[in-house]
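Below, each chain spelled out in residue letters.
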Amino acid sequence: MSRPRPAASSRAEAPPSLHWQIAWRHLRAGDRPPSWAWPAVGLALYLLVVGGGFVLYALYGFSPVESGLPERVALDSSLVGLGFDPTVDLPPPAQAYFGVLGAITLLLGAGLLLGAVLSLVFTLLATVITVSVMLGCMALVVVLSLMTGLELELRDKILGQRAHIRVASADGRPFADYRDLAEAIADKPGILGASPYLQGEVMVRSGFQRQGGILLGIDPELHRSVSNLPDIMREGDYEFLSHPEKIPESEFGFEITPVEPPPTQVDADTPKEGQGATALPHVTGAEGHVPEDKPQLVDDDPDEGWEDPEVEIPALRKKGALPAAKPEKPEAVKPIAVPTSPAAAIPTIPRSPFGVVSVGDEDEGWEDPEVEIGKLRAAGKLAPAQPEAAPEPEPVPEVETQLETTSDKPLVDGLLIGAEKAKELAARTGDQVQLITPIGRMTPAGRIPGVMAVRIAGVFDADHYDYDRWLVYASLPVAQAFLRAGDRVTGLEVKVDDLEQLDVRRQEVQDAVDAAGRDDLLVQDWQELNRSLFSAMALEKIAVFVALLCVILVASFGILGSNLMSVIEKSKEIAILKTMGCTDSLIQRIFISEGLCLGILGGILGIATGIGLCGLLDRFGLPLSGSLQSFEQLPVAIDAFEVVLVGVSSLVIVWLSSLYPARIASRMRPVDALRQAER
């Protein structure tokens, strides 16, 4: 019995790769490439050879700059003094320019070669679209890698000097009984160390400048286990914080207290007569204030003392400094009113504080000053002459003795400051500085700020401006005494062994705090402490990603226009394919495949080029310091997830831009397509 044959399908099924083959042939340039393609290839190869020669000459064809050559870079003297000379092993300026010129030439040659090769394979429109997609993907990969590298570098700098977990009071106030808690936390598994610290705002004063700062009191031995501070010391030694007696003496020895200026010398030709009761004493101050040179009616008295009034008063009247005596005054009838005050006779002398002379006094008015002064001293209204002159010269020797004692007193407390703080204060190891805090003591004159003299024990370089500018370190007992905190600390810094298990280690620290019954303490990790900073960086990365996607979006509009033009130009071929049995879905897949071919090729080239540029930036860097002498390396970190995200995003945009032209081509009827082709 014969079996019935299955009914033949009305249309034969097309091979799975047919639409890719048709799309590839449609994008091909044909048998005759553009006439300018091969000359462009030759020019690109020439640029690559020249640029490579420039780069090789800049890398290997130079000798280090000697200090005596005129090409030496002008440096900050403080850097050279600290032993940091960036001109070591640097090429001369001419060869550095050759290196930059070679890099630019290589980029131009590589771009021209890529365009020429693509034009040999694809049509001109397909080449432009592919290059557009490539540039968008390349920019995304480079920018995202730079931002990721910056984020990781910032995280490493923060975690290098500050610990991973912080235990502090919820209200930020210092707390006591911290030693047992620190030991309990350090004994937990996965905890590398726990160190107490005391934090307070201070002002650091040197002989040149005053700058604010944040004082951190630390235990040097415990702090070593939670920070990389001993490893980033650029000058001095971390051990000087525990042994300040080992701090070397300063090479310059600048004094913090300004030196009193020498007394002004009086010209020998200046006349000395007339210098008496109205002469102003010479003013000097410990702050180095120089009085203004104002004209005076009476010259300064070099003896700075009172002369004989009988001689000085006529001399002043002769010069015109005092009014002339009126001879008719004694002959006139004496008024019964209050007698004339001393200011009426001598205008430059202040009003007498001894009251008004009685009306019945027979010695009404001013008589012989020697007699009158004697009467006032006998009445107790003026101090005796001998005790009055003795106390005046005593304060000067007392201040001088105090200054000498202060300068000769050995300083036993050390301070670690950052590189930026050292530049601003012009301070080096061994220099004397002062710490000033508003937390002082009450005196009858009010609250006096606390001042402590210390010496620079070392300079650290965290390569982080905020840390190098603000943080200063002192031993914990010194900071507690200076900030009047007693035996209390601001918090505990904890360092873990694995950042990937930060949540687990934080829970262990929380368990130790709970076991100690310290409900007043709050446990926070570095992500919570720097949430605002890293949230802003993540938001910035998203914004840059969306902005650079617009480059690929622009290229997608090129794909949209190219496919629409293909539908119009190939309407006759579309009609023939449909009459031969091609389905609408096959026509639609053909035009979608055209867009995906350009998107996949452009995405692969863009990602590869972006990774290559990231490698070059990581190896050589860019001249960001304002001079081509030095290339600053950029923090570059390529994230595989971000690279895949860039490739998928570009393919999605290209696929969406190909849907509309493909749908129009698939819904076109053969009759309409033939009529449109005849037009």
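Model, not experiment: these values are computed from the prediction.

Rules behind the numbers
- Residues numbered from 1 in each chain as written.
- Predicted model: local features only at pLDDT ≥ 70, side-chain atom pairs only at ≥ 80, totals over all residues.
- Heavy atoms only, no water.
- Helix = DSSP H or I, 4+ residues; strand = E, 2+ residues; numbered from the N terminus.
- Buried < 20%, exposed > 50% of the residue type's maximum accessible area, 1.4 Å probe, protein only.
- Contact = heavy atoms within 4.5 Å.
- Areas by Shrake-Rupley, 256 points an atom, 1.4 Å probe, with all protein chains shown as cover.
- Phe/Tyr/Trp six-rings, centres within 6.5 Å; stacked < 30°, edge-to-face > 60°.
- Arc of directions from axis to C-beta.
- Pairing = 2+ DSSP bridges.
- Patch = residues over 30% accessible without salt bridge, like charges linked within 9 Å, V, L, I, M, F, W, Y side chains within 5 Å.
- Salt bridge = Lys/Arg side-chain N within 4 Å of Asp/Glu carboxyl O.
- Lys, Arg positive; Asp, Glu negative; His and termini not counted.
- Charge placed at Lys NZ, Arg CZ, Asp CG, Glu CD.
- Axes fitted to C-alpha atoms, helices over the stretch in contact; angles between N-to-C directions.
- Left-handed = near helix turned anticlockwise from the far one by under 90°.
- Nonpolar A, V, L, I, M, F, W, Y, C, P; charged D, E, K, R; others polar.
- Core = buried A, V, L, I, M, F, W, Y, C linked by side-chain atoms within 4.5 Å.
- Parallel < 35°, antiparallel > 145°, perpendicular 65-115°, else oblique.
- pLDDT = per-residue confidence, 0-100.

Looking only at helices and strands, one finds 22 helices and ten strands in the protein. Sorting the 679 residues of the protein into buried and exposed places 35% on the buried side. Counting contacts in the protein only where the partners sit at least 6 residues apart, residues at least 24 apart contribute 78% of the total. Summed over all atoms, the accessible surface of the protein reaches about 40400 Å², with 59% contributed by carbon and sulfur.

Take the packing of aromatic side chains next. As enumerated under the stated definition, the model contains two aromatic pairs in all. A ring pair is formed by Phe-460 and Tyr-473, whose centres lie 5.6 Å apart and whose planes are at 70°; its orientation type is edge-to-face. Placement of the pair is Phe-460 in strand β7 (residues 446-460) and Tyr-473 in strand β8 (residues 471-475), with a sequence separation of 13 residues. Both residues of the pair, Phe-460 and Tyr-473, count as buried. Arranged with centres 5.4 Å apart and planes meeting at 75°, the rings of Trp-526 and Phe-534 form a pair that is edge-to-face. Taken as a pair, Trp-526 and Phe-534 share a single burial class, namely buried.

This part is about helix α19 (residues 571-579). Within α19, burial applies to Ser-571, Ile-574, Ala-575 and Lys-578. Along the axis of α19, the buried residues cluster in a sector spanning 100°; they form a single face. In the stretch just after α19, Gly-581 is the one whose phi turns positive, near 110°.

For the rest of this paragraph, the subject is helix α6 (residues 179-186). Leu-181, Ala-182 and Ile-185 are the residues of α6 that are buried. The buried side chains of α6 occupy one side of the element, clustering within an arc of 100° when seen end-on. Set apart from the buried face of α6 by more than 90 degrees, the exposed residues are Asp-180 and Glu-183. Elements in contact with the buried residues of α6: β1 (165-169), β2 (191-205), β9 (491-496), α16 (502-515) and β10 (521-525).

Before going further, it helps to spend a moment on the pairing of β10. Along β10, four of the five residues are buried, which leaves the element largely enclosed by surrounding structure. Examined bridge by bridge, β1 and β10 share five bridges and lie antiparallel to one another. In the strand pairing of β10, Ala-168 is matched with Leu-522.

With that settled, the discussion passes to a negative patch on the surface. Taken together, the side chains of Asp-177, Asp-180, Glu-183 and Asp-187 make up a negatively charged region of the molecular surface. Topologically, Asp-180 is positioned in helix α6.

Summarising the element assignment, Asn-563 is placed in helix α18 (residues 531-569). Beyond its immediate stretch of four places on either side in the chain, Asn-563 contacts Phe-591, Glu-594, Gly-595, Ser-658 and Pro-661.

Moving on, we come to the packing of α6 against α16. Contact geometry for α6 and α16: axes closest at 9 Å, N-to-C directions at 145°. α16 is crossed by α6, and the crossing has right-handed handedness. Here Leu-181, Ala-184 and Ile-185 of α6 lie close against α16, whose contacting residues are Val-509, Ala-512 and Val-513. Taken together, the residues that form the contact of α6 with α16 break down as six nonpolar, no polar and no charged.

What follows is about the nonpolar core. The tendency in soluble globular proteins is for nonpolar side chains to be buried as a group. Counting 66 residues, the largest nonpolar core has Val-167, Ile-185, Leu-215, Leu-415, Leu-416 and Leu-435 as the members making the most contacts within it. Once you skip the residues sitting within four places of it in the chain, Val-167 turns out to touch Phe-175, Ile-185, Gly-491, Leu-492, Val-494, Val-509, Val-513, Leu-521, Leu-522 and Val-523. Counting residues in hydrophobic clusters, the runner-up holds 14 residues, among them Cys-137, Leu-140, Leu-144 and Ile-552.

All told, the structure shown has 19 salt bridges when counted by the stated rule. Notably, a salt bridge pairs Arg-173 with Asp-171, separated by 3.9 Å at the nearest N-O pair. Each member of the pair, Arg-173 together with Asp-171, is exposed. Here the salt bridges do not stand alone but share partners, grouping Glu-151, Lys-541 and Glu-642 into one network.

Checked against the element boundaries, Leu-416 lands in strand β5 (residues 414-418). The exposure class assigned to Leu-416 is buried, which follows from its relative accessible area of 0%. On a C-alpha basis, the gap between Leu-416 and Phe-460 in space is 7.2 Å, while along the polypeptide they are 44 residues apart. In this structure Leu-416 touches Leu-229, Met-233, Asp-237, Tyr-238, Leu-241, Ala-457, Gly-458, Phe-460, Leu-471, Val-472 and Tyr-473, once residues within four positions along its chain are discounted.

This part is about the environment of Leu-645. Looking at where Leu-645 falls in the secondary structure, it is placed in helix α21 (residues 640-666). Once the C-alpha coordinates of Leu-645 and Leu-140 are considered, the two residues, 505 residues apart in sequence, prove to be 9.9 Å apart.

The next thing to look at is the environment of Glu-221. Position of Glu-221 relative to the elements: it lies in helix α7 (residues 220-223). Given a relative accessible area of 52%, Glu-221 falls into the exposed group. Expressed as a C-alpha distance, the spacing of Glu-221 and Leu-241, which sit 20 residues apart in the sequence, is 10.0 Å. In contact with Glu-221, not counting residues within four places along its chain, are Glu-239 and Ser-242.

Close contact between helix α5 (residues 124-161) and α21 brings their axes to 10 Å; oriented N to C, the two are set at 155°. Between α5 and α21, the crossing angle belongs to the class labelled roughly antiparallel. Crossing of α5 over α21 shows right-handed handedness. Facing Cys-137, Leu-140, Val-141, Leu-144, Ser-145 and Thr-148 of α5, the residues of α21 in contact are Glu-642, Val-646 and Ser-650. Looking at the contact of α5 with α21 residue by residue, the class counts come to five nonpolar, three polar and one charged.

By secondary structure assignment, the location of Arg-518 is in the loop between α16 and β10. Setting aside anything within four residues of it in sequence, one finds Arg-518 in contact with Phe-175, Ala-176, Asp-177, Leu-181 and Val-513.

Looking now at the confidence of the model for the protein. Considering every residue of the protein, the mean pLDDT works out to 75; 67% of them sit at 70 or more. When the elements of the protein are averaged for pLDDT, helix α9 (residues 342-345) gives the smallest value, 38, and β8 the largest, 94. Every residue in residues 258-305 is under pLDDT 50, and counting partners more than four places away or in other chains gives 40 contacts. Contacts for the low-pLDDT stretch residues 329-366, under 50 throughout, to residues beyond four places or in other chains number 25 contacts.

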